[in-house]
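# Architecture and fold: a report
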Amino acid sequence: ELKVEQNPLFLSMQEGKNYTIYCNYSTTSDRLYWYRQDPGKSLESLFVLLSNGAVKQEGRLMASLDTKARLSTLHITAAVHDLSATYFCAADNFGNEKLTFGTGTRLTIIP
Amino acid sequence: GAVVSQHPSWVICKSGTSVKIECRSLDFQATTMFWYRQFPKQSLMLMATSNEGSKATYEQGVEKDKFLINHASLTLSTLTVTSAHPEDSSFYICSASWDRDYGYTFGSGTRLTVV
């Protein structure tokens, strides 16, 4: 059974600082996804990582995937208040389409 | 592209009544859709996989008779919460994908409150 762990669960950081959210998954997975959720809203797709060594960047966010370590990271550079949200990683169960979500990281950026 | 529309956004119903939630893929055909449930400040839990033209596949612990899923066309899946009770109050979200390499698109979610 695929399990996805995320840490930290909560992250409070000052504007301008850098930080990384970690996502570990337990078994082989085809794909790794990152999503953002604002309070009361649904999920917004951020990144899709398809292969070992994949790195994608959008603005102040950069995601990477190490399939050998079964680890994905979401790095935040020079955080700004607008990045405050809950971030979820999700792994695609190998061989089927079901997603397993991590616990989520609630990120709060303090001015 | 890859837009998923979910309706209604919120609904309040009396205990014992049934509520239907619709999930539509607007610009692609979705043979498979997924229904999730999210409690406040928690992650998403997959409830069931909706398959066009066949029975839904429910996750362990999800009551099939409580959460009826119908996927009658390639663009529409519905979730009916039958005989709703306050403990069914939650945020329900559907999703679909036209190509897994491009990710899954989520509906806007439905906040159900049973009073």
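An account of the accompanying structure is given in this report. This is a predicted model, so every value here is computed, not measured.

The next subject is the overall build of chain B. A count of helical and extended segments in chain B gives zero helices and eleven strands. Ordering the α and β elements of chain B from the N terminus gives β-β-β-β-β-β-β-β-β-β-β. Its C-alpha atoms give chain B a radius of gyration of 13 Å, near enough to 13 Å, the size a compact globule of 115 residues would have. Along the first, second and third principal axes, the C-alpha set of chain B runs to 40 × 30 × 25 Å. Residue burial in chain B is summarised as follows: out of 115 residues, 52% are buried. Carbon and sulfur atoms form 51% of the exposed surface of chain B, whose accessible area is close to 5700 Å².

The next subject is the sheet that holds strand β1 (residues 4-7) of chain B. Each strand in a sheet pairs with another by means of backbone hydrogen bonds, the pair being arranged parallel or else antiparallel. Residue and element names in this part refer to chain B. Spatial strand order, β1-β3-β8-β7: four strands in an open sheet with antiparallel pairing. Looking at the sheet topology across the chains shown, the edges are occupied by β1 and β7 (67-73). Sheet twist, expressed as the mean angle between neighbouring strand axes with direction ignored, is 15 degrees. The pairing of β7 with strand β8 (residues 76-81) spans five bridges and is classified as antiparallel. Across the sheet, residue Phe67 finds its bridge partner in β8, namely Val81.

Turning to the interface of chain B and chain A, a few remarks are in order. Contacts between chain B and chain A engage 23 residues on the former and 22 residues on the latter. Approximately 1800 Å² of surface area, both sides summed, lies buried where chain B meets chain A, with 50% of it carried by carbon and sulfur atoms. Across the contact surface, chain B and chain A share three salt bridges. Of the charged contacts, one joins B:Arg100 and A:Asp92 as a salt bridge, the two residues approaching to 3.0 Å between their closest N and O atoms.

With that out of the way, let us pick up the environment of A:Leu71. All names here are of chain A. Assignment of secondary structure puts Leu71 in strand β8 (residues 71-76). Sequence separation between Leu71 and Asp30 is 41 residues; the distance between their C-alpha atoms is 13 Å. The residues contacting Leu71, other than those within four sequence positions of it, are Tyr22, Cys23, Asn24, Tyr25, Ser64, Leu65 and Asp66.

All names here are of chain A. On the basis of which strands lie adjacent, the open sheet formed by five strands has the order β1-β3-β8-β7-β6 and antiparallel pairing. Here the strands that pair on one side only, and so sit at the sheet edges, are β1 (4-7) and β6 (55-58). Ignoring which end each strand starts from, the neighbouring axes of this sheet average 15 degrees apart. Bridge analysis of β6 against strand β7 (residues 61-66) gives four bridges, and the strand direction is antiparallel. By the bridge assignment for β7, Lys56 is matched with Ala63.

Glancing now at the environment of B:Ser97. Residues and elements named next belong to chain B. Of note, Ser97 is situated in the loop between β9 (90-96) and β10 (105-106). Excluding residues within four positions of it along the chain, Ser97 makes contact with Phe28, Gly103 and Tyr104. A distance of 2.8 Å separates the side chain of Ser97 from the backbone oxygen of Gly103, its partner in a polar contact.

To continue, consider a nonpolar patch on the surface. There is a patch of nonpolar side chains on the surface, built from B:Trp10, B:Ile12 and B:Val115 and spanning about 380 Å² of accessible area. Looking at the secondary structure, you find B:Val115 in the segment after β11 (110-114).

Reading the values: rules and limits
Residues numbered from 1 in each chain as written. Chains lettered and ligands numbered in written order. Predicted model: local features only at pLDDT ≥ 70, side-chain atom pairs only at ≥ 80, totals over all residues. Heavy atoms only, no water. Helix = DSSP H or I, 4+ residues; strand = E, 2+ residues; numbered from the N terminus. Rg over C-alpha atoms; globule rule 2.2 N^0.38 Å. Buried < 20%, exposed > 50% of the residue type's maximum accessible area, 1.4 Å probe, protein only. Areas by Shrake-Rupley, 256 points an atom, 1.4 Å probe, with all protein chains shown as cover. Pairing = 2+ DSSP bridges. Axes fitted to C-alpha atoms, helices over the stretch in contact; angles between N-to-C directions. Contact = heavy atoms within 4.5 Å. Buried area = accessible area lost by both parts, 1.4 Å probe. Salt bridge = Lys/Arg side-chain N within 4 Å of Asp/Glu carboxyl O. Polar contact = N/O pair within 3.5 Å; in protein donor to acceptor, adjacent residues only side chain to side chain. Patch = residues over 30% accessible without salt bridge, like charges linked within 9 Å, V, L, I, M, F, W, Y side chains within 5 Å.

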